[in-house]
Amino acid sequence: MKKVRIAVFVSGNGSNLQAIIDYERAGHIPHGEIALVLSSRADAYALSRAALANIPSAVVSRKEFSDTAEFEKKIESVLREFKIDLIVLAGYMTILSADFVKKYPERIINVHPSLIPSFCGKGYYGLRVHEAALNYGVKVTGATVHFVNEVPDGGRIILQKSVMIRKGETPESLQTHVMRNAEWIILPRAVEMVAKMIAKGRELEE
Ligand code: GAR
């Protein structure tokens, strides 16, 4: 059986990338393989993680292109070069246009650090999501993995996991808590679920 070829898009630390690498290396992604790590920044630590795992990587930075169309054309050509079937946004901080996203229906997934539809959409990324959850005073938060469509954080939900907010929590402590107890668990699982869906040409099954 041909494995689904996965590109993981990153911008920073890449702890979610690491969780997928570890899950794959443990044999839990039988339907897919990470074939490429694509970073929006040349200084992302995620690139070192890719190198350590012997995974090819590429840097495509928005600021090197005069407009979004040229930038996304470059991404598309890299995806073709590596014969990518599935894109995983794992802490990828550049917004992809509706035109781009429409070309890959149910072939792009994203991890978001809250329980969608809370604290999501435009302007909610990274620590800001956790600041908003703490400011609101919710007692439970979590993470969501969803398909990406033209609505920011609006695509079909694949998996969610909740996390209790502890006393004295700061945005930083909550971010770590949500990553460790939700993101790093559900993202690798969702990757295998979607890879299996693509490989078998069937609907999602848990
Ligand atoms: C993660 O918490 C991820 O959910 C979040 O950025 C962090 C990246 O960490 N993504 C978003 O906020 C996207 N809207 P990582 O680089 O260590 O995986």
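This structure is a prediction, so every number in the text was calculated from the model and none was measured.

Visitor: Is there a simple way to think about the packing of helix H1 (residues 15–25) against helix H2 (residues 45–52) in this case?
Guide: For any two helices packed against each other, the geometry comes down to the angle between their axes and how far apart the axes lie. Contact pair H1 / H2: the axes reach a minimum separation of 9 Å and the direction vectors enclose 15°. Between H1 and H2, the interaxial angle falls into the category roughly parallel. Once H1 is placed against H2, the crossing between them reads as right-handed. The segment H1 lies against H2, with Ser15, Leu17, Gln18 and Ile21 engaging Ala46, Arg49 and Ala50. Here the contact of H1 with H2 is composed, by residue class, of four nonpolar, two polar and one charged.

Visitor: Which parts of the structure should I look at to understand H1?
Guide: Each α-helix turn comprises 3.6 residues. Residues three or four places apart therefore point the same way. Within the sequence span of H1, burial applies to Ser15, Asn16, Leu17, Ala19, Ile20, Ile21 and Glu24. Each element contacted by the buried residues of H1 is listed here: strand E1 (4–10), strand E2 (32–39), H2, strand E4 (86–89), strand E5 (108–112) and helix H6 (171–200). Looking at the residues trailing H1, positive phi occurs at Gly27, about 85°.

Visitor: Would you take a moment to explain the sheet that holds strand E6 (residues 140–147) for this structure?
Guide: Within a beta sheet, neighbouring strands are joined by backbone hydrogen bonds and run either parallel or antiparallel to one another. With mixed pairing, seven strands are arranged side by side in an open sheet as E3-E2-E1-E4-E5-E6-E7. Each of the sheet's edge strands pairs with one partner strand only, and the pair in question is strand E3 (57–59) and strand E7 (157–164). Looking at each pair of strands side by side, their axes are set apart by 20° on average, direction ignored. As judged from the four bridges shared by E5 and E6, these two strands associate in the antiparallel manner. The partner of His112 across the bridge, within E6, is Thr144. Along the sheet, H1 contacts E1, E2, E4 and E5; its crossing angle with E2, the most-contacted strand, is approximately 160°.

Visitor: For this particular structure, what's the right way to read the confidence of the model for the protein?
Guide: A low pLDDT score tells you not to read the predicted coordinates there in detail. Confidence in the prediction of the protein, expressed as mean pLDDT, is 97, and 100% of residues score 70 or more. Within the protein, the lowest mean pLDDT, 97, falls on helix H4 (residues 98–102), and the highest, 99, falls on E1.

Visitor: Any chance you could explain the nonpolar core here in plain terms?
Guide: As a rule of thumb, soluble globular proteins bury nonpolar side chains together. Residues Val8, Val88, Ile109, Ile158 and Leu187 are the most contacted members of the largest nonpolar core, which totals 39 residues. Take this core: its biggest share by element is 12 residues, from H6. The next biggest cluster of nonpolar side chains, apart from the first, holds 22 residues, and it includes Phe82, Leu89, Tyr92 and Val148.

Visitor: Would you take a moment to explain the pairing of E4 for this structure?
Guide: Strand residues, when the strand is regular, have side chains that alternate between the two faces of the sheet. Where burial is concerned, the two faces of E4 agree: the one with Leu86 and Val88 and the one with Ile87 and Leu89 are both buried. One ladder, built from three bridges, connects E4 with E5; its direction is parallel. Looking across to E5, one finds that Leu89 is bridged to Asn110.

Definitions and cut-offs
- Residues numbered from 1 in each chain as written.
- Predicted model: local features only at pLDDT ≥ 70, side-chain atom pairs only at ≥ 80, totals over all residues.
- Heavy atoms only, no water.
- Axes fitted to C-alpha atoms, helices over the stretch in contact; angles between N-to-C directions.
- Helix = DSSP H or I, 4+ residues; strand = E, 2+ residues; numbered from the N terminus.
- Parallel < 35°, antiparallel > 145°, perpendicular 65-115°, else oblique.
- Left-handed = near helix turned anticlockwise from the far one by under 90°.
- Contact = heavy atoms within 4.5 Å.
- Nonpolar A, V, L, I, M, F, W, Y, C, P; charged D, E, K, R; others polar.
- Buried < 20%, exposed > 50% of the residue type's maximum accessible area, 1.4 Å probe, protein only.
- Pairing = 2+ DSSP bridges.
- pLDDT = per-residue confidence, 0-100.
- Core = buried A, V, L, I, M, F, W, Y, C linked by side-chain atoms within 4.5 Å.

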